[in-house]
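Read off the chains here:
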Amino acid sequence: MSPEALSKLRELLEKLAAEIGAARLGSDDGQFAIIDALILLRNAATGEAKLADFHRLAQDSVPWMMSVLESGQPFNAEQIQKLNQIHRQLKEWADQARGEASATASSLGSAAALPEETPLVMNIAADGDILREYVNEAQEHLDNIEQGVLKLEVKPDDAE
């Protein structure tokens, strides 16, 4: 796995950790963001032999988290605990892969060619609902930004 791919994996794990850290008992805030992070992690590990277990856990976690979201219920203690366990295990496997990649790179020397990065693969059939929700939320954010810019044009001195 290339250093760039490992760096991206670490970044995605940090995003997942932040979203899980923000999850609160009795609140459903962050459920979409956690699903998004799990999908991105799953896709980042697709086709990486050293991350087969990582990919499998991320892949299996997506439908579980979808069921949490679709229940319409806020997070409970069990779910938050399971999310923390998922993150810990994913991080452990990523750290192992990073250690193996560092050892391999060191043994090959600095002139070794890096393998091409695995392309992002999205399963539209399985993730279509998530993608539609993401697009809808992105459009809402863009609409809010546009309204803010229009207000700023009318009152440029209004800091609020």
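Here the structure is a predicted model, which is why all the values come from computation and not from measurement.

Quick notes on the rules
Residues numbered from 1 in each chain as written. Predicted model: local features only at pLDDT ≥ 70, side-chain atom pairs only at ≥ 80, totals over all residues. Heavy atoms only, no water. Helix = DSSP H or I, 4+ residues; strand = E, 2+ residues; numbered from the N terminus. Buried < 20%, exposed > 50% of the residue type's maximum accessible area, 1.4 Å probe, protein only. Contact = heavy atoms within 4.5 Å. Areas by Shrake-Rupley, 256 points an atom, 1.4 Å probe, with all protein chains shown as cover. pLDDT = per-residue confidence, 0-100. Axes fitted to C-alpha atoms, helices over the stretch in contact; angles between N-to-C directions. Parallel < 35°, antiparallel > 145°, perpendicular 65-115°, else oblique. Left-handed = near helix turned anticlockwise from the far one by under 90°. Nonpolar A, V, L, I, M, F, W, Y, C, P; charged D, E, K, R; others polar.

Draft legend 1. Structural context of the overall build of the protein chain. The helix and strand inventory of the protein chain stands at five helices and zero strands. Counting across all 160 residues of the protein chain, residues that qualify as buried make up 29%. For the protein chain, long-range pairs separated by at least 24 residues make up 73% of all intrachain contacts whose partners lie at least 6 apart in sequence. Accessible area of the protein chain: about 10,300 Å², with a carbon and sulfur share of 53%.

Draft legend 2. Quick peek at the confidence of the model for the protein chain. Averaged over the protein chain, the pLDDT score is 83; the fraction of residues at 70 or greater is 85%. Counting interchain partners and residues more than four positions distant, the pLDDT-below-50 stretch residues 104–112 has one contact.

Draft legend 3. How the structure looks around the packing of helix 1 (residues 3–22) against helix 2 (residues 31–45). Taken N-terminus to C-terminus, the directions of helix 1 and helix 2 make an angle of 160 degrees; their axes are 9 Å apart at the nearest point. With respect to each other, helix 1 and helix 2 are oriented roughly antiparallel. Viewed along their axes, helix 1 and helix 2 form a crossing whose handedness is left-handed. Judged by residue contacts, L9, L12, L13, K15, L16, E19 and I20 of helix 1 engage A33, I34, D36, A37, L38, L40, L41 and A44 from helix 2. Its residues assigned to classes, the contact of helix 1 with helix 2 comprises 12 nonpolar, no polar and three charged.

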